[in-house]
Amino acid sequence: KKLLIYGSHLLEDIKDGAGYGWSLPDGVSPDLDWDKLIEAKNAEVTRLNGIYKKLLDGAGVQHFEGYARIVDPHTVEVNG
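Everything numeric in this text was worked out from a predicted model, so none of it was measured. (Residues numbered from 1 in each chain as written. Predicted model: local features only at pLDDT ≥ 70, side-chain atom pairs only at ≥ 80, totals over all residues. Heavy atoms only, no water.)

Our next topic: the overall build of the protein. Each helix and strand counted, the protein has three helices and two strands in total. Start at the N end of the protein and walk to the C end: the helices and strands fall as α-α-α-β-β. A compact globule built from 80 residues should have a C-alpha radius of gyration of about 12 Å, whereas the protein, at 21 Å, is more than 25% larger. By principal-axis analysis of the C-alpha atoms, the protein measures approximately 60 × 25 × 25 Å. Per-residue burial over the protein gives 2% buried out of 80 residues. (Helix = DSSP H or I, 4+ residues; strand = E, 2+ residues; numbered from the N terminus. Rg over C-alpha atoms; globule rule 2.2 N^0.38 Å. Buried < 20%, exposed > 50% of the residue type's maximum accessible area, 1.4 Å probe, protein only.)

What follows is the structure, given as structure tokens:
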């Protein structure tokens, strides 16, 4: 979510940059390639997930991948 928010604010940042001396050539305006934004977001999420998994594995954490629900105050059910 955060990566999409950062990407969505870039146009505003470019416009704000004019007040600090930044400019684009006349007639040129930024264009958003939505597919590329989503691809970059997905690549970053995959990279971060790999880092988190390595850290958890190194700490001896038992990892369950799937959908979960809280059954009671002491039980979590995964793919049950």
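Where charged atoms from two side chains of opposite charge come close, those side chains can pair. Under the criterion given, the structure shown has three salt bridges. Its salt-bridge partner being Glu44, residue Arg47 comes within 2.8 Å of it at the nearest N-O pair. Note that Arg47 and Glu44 are positioned in helix α3 (residues 34-58) at a spacing of three residues, about one turn of the helix. The closest approach of N and O atoms between Glu77 and Arg69, which form a salt bridge, is 2.9 Å. (Salt bridge = Lys/Arg side-chain N within 4 Å of Asp/Glu carboxyl O.)

Now for the pairing of strand β2 (residues 75-78). In the case of a regular strand, side chains alternate between the two sheet surfaces. Across four bridges, the pairing between strand β1 (residues 68-72) and β2 is antiparallel. Directly across from Ala68, in β2, lies its bridge partner Val78. From the end of β1 to the start of β2, which pair antiparallel, there are two residues. (Pairing = 2+ DSSP bridges.)

Here the focus is a negative patch on the surface. Together, Asp31, Asp33, Asp35 and Glu39 give the surface a local cluster of negative charge. The topology assignment puts Glu39 in helix α3. Residue classification places Glu39 among the exposed positions, given a relative accessible area of 58%. (Patch = residues over 30% accessible without salt bridge, like charges linked within 9 Å, V, L, I, M, F, W, Y side chains within 5 Å. Areas by Shrake-Rupley, 256 points an atom, 1.4 Å probe, with all protein chains shown as cover. Lys, Arg positive; Asp, Glu negative; His and termini not counted. Charge placed at Lys NZ, Arg CZ, Asp CG, Glu CD.)

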